[in-house]
Amino acid sequence: MRRISASKGMFCYMRRGIWLGIVLMLTGCGGAEEARTAAEREKAAIEISPELMRYRNITYGEFREENEQEAEFLHGTFYSAQIDGEAIYAVFSGEYDEETAGAVLTDDAVCLRLEGRLADLLYGMEGELKAEDFAAAITPEGAAEPVYYEEEGAGTAYYVADRYLVVEMKDDGDLGGDIILEISLDESGKISEDSYARIR
């Protein structure tokens, strides 16, 4: 039967302890690096205003409790109301009333979209950007870029512009579900901080 002396056993124990300490230290560094990377992924050069996102899917009754502005008829069965302290409008879906032969807006009507100047809808939007540069700037580090493509309108209030960019963004839950951005394009095909835009 093999025997190990107390001094030799202590040496082996200390050696194992040193190696264990090194392993734990490296593991800890890896964890910190992983946490740092996760935090960085939350950052993007351009971000949608979370304060405005709480108005998505709000009812007109809830809107009126928070805001002094009354909704005004927009077109079709849609109504628009300005958010207090913002240059942004919330658009609500009314309904057709046969008795009055026109659109009516009830407290149960739901906000379909927010619209206004792009820089008022987003943080960090400055100057002019091409579609691909905008998509990269609004993407958090480490995340997949949103799907984006160009569409044509018909010169009516149903469209944000005759030519506009559609950006489909997946949401992790903080902003209340997936988001579609519609942004008017200028003649060069670029967007700017002054571009008219909608979020739905």
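Everything below is about the structure shown above.
What this report covers is the structure whose coordinates are included nearby. (Residues numbered from 1 in each chain as written. Predicted model: local features only at pLDDT ≥ 70, side-chain atom pairs only at ≥ 80, totals over all residues. Heavy atoms only, no water.)

Let's talk about the sheet that holds strand E14 (residues 196-199)
The strands making up a sheet associate through backbone hydrogen bonding, with each pair oriented either parallel or antiparallel.
Then, number 1: The eight strands are arranged E2-E3-E4-E7-E14-E12-E11-E10 in an open sheet whose pairing can be described as antiparallel. Looking at which strands have only one partner, the edges of the open sheet turn out to be strand E2 (72-75) and strand E10 (147-152). Taken pair by pair, the neighbouring strands of this sheet meet at an average axis angle of 25 degrees, ignoring direction.
Then, number 2: Sheet topology note: the E10/strand E11 (residues 163-169) ladder contains six bridges and is antiparallel. Following the sheet pairing, Glu-150 is matched in E11 by Leu-165. (Pairing = 2+ DSSP bridges. Helix = DSSP H or I, 4+ residues; strand = E, 2+ residues; numbered from the N terminus. Axes fitted to C-alpha atoms, helices over the stretch in contact; angles between N-to-C directions.)

Quick notes on the packing of aromatic side chains
Then, number 1: Scanning the entire structure with this criterion turns up six aromatic pairs.
Then, number 2: Ring centres of Tyr-60 and Phe-63 lie 6.5 Å apart, and the angle between their planes is 15 degrees; this geometry places the pair in the stacked category. Here Phe-63 and Tyr-60 lie together in helix H3 (residues 60-66), a separation of three residues that amounts to about one turn.
Then, number 3: With relative accessibility at 0%, the residue Phe-63 sits in the buried group.
Then, number 4: A ring pair is formed by Tyr-60 and Phe-92, whose centres lie 5.3 Å apart and whose planes are at 70 degrees; its orientation type is edge-to-face. With Tyr-60 in helix H3 and Phe-92 in strand E4 (residues 89-93), this pair connects stretches of sequence that are 32 residues apart. Side by side, Tyr-60 and Phe-92 carry an identical accessibility label, which is buried.
Then, number 5: Connected via pairs of aromatic rings, a cluster forms that spans Tyr-55, Tyr-60, Phe-63 and Phe-92. (Phe/Tyr/Trp six-rings, centres within 6.5 Å; stacked < 30°, edge-to-face > 60°. Buried < 20%, exposed > 50% of the residue type's maximum accessible area, 1.4 Å probe, protein only.)

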